[in-house]
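Survey of secondary and tertiary structure
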Amino acid sequence: MFKKFGPEEIKDKSKVKSSQQRAIRQAIQEQYPRLDPFLEQVLPKKAEIQVAKCEGKINVVMVEDAPVFFNIRDGPYYPVLRLLHQYPEMMPSVRVDAGAIKFVFSGANIMCPGLTHKNVVAELEANPVDSNTPVAVLAEGKEHALAIGHTQMSSLAIIKENKGIGVNVVHVLNDGLWKCPKIS
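Now for a quick tour of the structure.

So, the overall build of the protein chain
- For the protein chain, the count of helices and strands is seven helices and ten strands.
- Here the protein chain has a C-alpha radius of gyration of 16 Å; the compact-globule value for 184 residues is 16 Å, and the two agree.
- Structurally, the protein chain occupies a C-alpha span of about 50 × 35 × 25 Å along its principal axes.
- Put simply, of all contacts in the protein chain between residues at least 6 apart along the chain, 59% involve residues at least 24 apart.
- Roughly 9,700 Å² of accessible area belongs to the protein chain as shown, and the carbon and sulfur atoms make up 50% of that amount.

Quick word on the pattern of salt bridges
- Under the definition given, this model contains three salt bridges.
- For K13, the salt bridge identified is with D65, shortest N-O distance 2.9 Å. Taken together, the residues span a long stretch of sequence, with K13 in strand β1 (residues 10-15) and D65 in the loop between β3 (58-63) and β4 (66-72) at a distance of 52 residues.
- Judged by its relative accessible area of 29%, K13 is partly exposed.

Here we look at the state of the cysteines
- Counted under the stated rule, the structure contains zero disulfides.
- No disulfide involves C54; its nearest neighbouring cysteine sulfur is the one of C180, lying 9.4 Å away.
- Overall, C54 belongs to the buried group, its relative accessible area being 4%.
- We classify C180 as buried; its relative accessible area is 10%.

Quick word on the sheet that holds β3
- Spatially, five strands are ordered β1-β2-β3-β4-β5 in an open sheet, and the strand pairing comes out antiparallel. Of all the strands in the sheet, the pair left with one neighbour each is β1 and β5 (78-79).
- When β1 meets strand β2 (residues 49-54), the two strands line up antiparallel, connected through five bridges. Considered in β2, the bridge of S14 is made with V51.

Details of the sheet that holds strand β9 (residues 145-151)
- Read from one edge of the open sheet, five strands run β6-β8-β9-β10-β7, paired in mixed fashion. This sheet does not close on itself; its edge strands, each paired only once, are β6 (93-96) and β7 (110-111).
- Alignment of β7 against strand β10 (residues 165-172), held across two bridges, turns out to be antiparallel. Bridging from a neighbouring strand, M111 pairs with I165 of β10.

Focus on the nonpolar core
- Ranked by internal contacts, the top residues of the largest apolar core, which has 63 residues, are I28, L35, L43, V61, F69 and M90.
- Setting aside its immediate chain neighbours within four residues, V61 contacts I24, L43, I49, Q50, V51, A66, P67, V68, F69 and Y77.

Criteria and thresholds
Residues numbered from 1 in each chain as written. Predicted model: local features only at pLDDT ≥ 70, side-chain atom pairs only at ≥ 80, totals over all residues. Heavy atoms only, no water. Helix = DSSP H or I, 4+ residues; strand = E, 2+ residues; numbered from the N terminus. Rg over C-alpha atoms; globule rule 2.2 N^0.38 Å. Contact = heavy atoms within 4.5 Å. Areas by Shrake-Rupley, 256 points an atom, 1.4 Å probe, with all protein chains shown as cover. Salt bridge = Lys/Arg side-chain N within 4 Å of Asp/Glu carboxyl O. Buried < 20%, exposed > 50% of the residue type's maximum accessible area, 1.4 Å probe, protein only. Disulfide = S-S within 2.5 Å. Pairing = 2+ DSSP bridges. Core = buried A, V, L, I, M, F, W, Y, C linked by side-chain atoms within 4.5 Å.

In structure tokens, the structure reads:
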């Protein structure tokens, strides 16, 4: 999604009115209730919040030129990986086995067998996730997320069917959005 993202991909960047700012905060607060204690740090009420409209109907929410969240076609908000590394418990997570890591780094969607490998299936069973839920993707044996995506099916269906796409990846480490810590 963000393979070739950069400042040249931004069509329009504008300051958000206070009513829009409240709506964005409320949507993020509803979507990520675990972020509640830190929401004022992430999206301060007094800070200048901007939205950059990019190619592919992507909106990037920025606080003082630093991207913090994005959404696609007015869909759910996804945190930027830099933010997720600061607050790793803010969203549910899935873990991929070591064999899938190189494919995830290249931006590929995660197939069910990569989520149901014997080394990682216990964690998926212990932390069930519904379909179409934004998730952090962690690598086997690592503590920080390497990607962000949303589930194509529930975790129970992933375990039961064990074929097809399990997680649709939207943002990975070292992609264009990761390489833009500030968008001016």
